[in-house]
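Understanding the architecture of this molecule
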Amino acid sequence: MEPTPKQAISAIRVCAQLTRVYKGIDLVRLDDRTRNVYILANNLIEAEVTPTGKILWL
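Residues numbered from 1 in each chain as written. Predicted model: local features only at pLDDT ≥ 70, side-chain atom pairs only at ≥ 80, totals over all residues. Heavy atoms only, no water.

1. Describing helix H1 (residues 5-20)
End to end, H1 covers 23 Å across 16 residues, agreeing with the expected 22 Å (1.5 Å per residue, within 8%). Elements that come into contact with the buried residues of H1 comprise strand E1 (25-30), strand E2 (37-41), strand E3 (45-49) and strand E4 (55-57). Of the residues one or two after H1, Tyr22 is the one with positive phi, at around 60°. (Helix = DSSP H or I, 4+ residues; strand = E, 2+ residues; numbered from the N terminus. Expected span 1.5 Å × (residues − 1). Contact = heavy atoms within 4.5 Å.)

As structure tokens, this is what we get:
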């Protein structure tokens, strides 16, 4: 399974925002159940990107 084009662009945008403020990216994973991209940074900051490209900060 692959991310949608909108989802991939949003995920890269999230990773760029996080690294811009010196937060290390620990995990980027496409969840097979929800089809969301899950991003974990510094073991505390969590974000999910939906297939439509919407960013959900958790």
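2. Considerations on the environment of Leu30
Its place among the elements puts Leu30 in strand E1. Along the chain, Leu30 and Glu2 lie 28 residues apart, while their C-alpha atoms are 7.8 Å from each other. If near-sequence neighbours (up to four positions away) are discounted, Leu30 is found in contact with Met1, Glu2, Pro3, Gln7, Arg35, Asn36 and Val37.

3. Let's talk about the sheet that holds E3
Ordered in space as E1-E2-E3-E4, the 4 strands form an open sheet in which the pairing is antiparallel. Edge positions in the open sheet fall to E1 and E4, since each of these has one partner strand only. Within this sheet the neighbouring strands show an average axis-to-axis angle of 15°, counted without direction. Both E1 and E2 contribute to a ladder of 5 bridges, which runs antiparallel. (Pairing = 2+ DSSP bridges. Axes fitted to C-alpha atoms, helices over the stretch in contact; angles between N-to-C directions.)

4. A few points about the UniProt feature "domain: DUF6888" (unreviewed entry) in the chain
Under the feature "domain: DUF6888" (unreviewed entry), the UniProt entry names residues 2-55. Across residues 2-55, helical content stands at 30% and strand content at 31%; the span's end C-alpha atoms are separated by 17 Å. (UniProt positions renumbered as here; feature names shortened; annotations may be inferred.)

5. Thoughts on the pairing of E2
Judged by how many residues are buried, E2 sits mostly within the fold: 4 of 5 residues are covered. Counting the residues that bridge the hairpin from E1 to E2 gives 6 residues, and of these Arg35 lies at a positive phi of roughly 65°. Inspection of the sheet shows E2 paired to E3 by 5 bridges, in the antiparallel sense. Paired with Leu40 across the bridge in E3 is Glu46. The antiparallel pairing of E2 with E3 creates a hairpin that spans 3 residues between the two strands, and Asn42 there sits at a positive phi of about 55°. (Buried < 20%, exposed > 50% of the residue type's maximum accessible area, 1.4 Å probe, protein only.)

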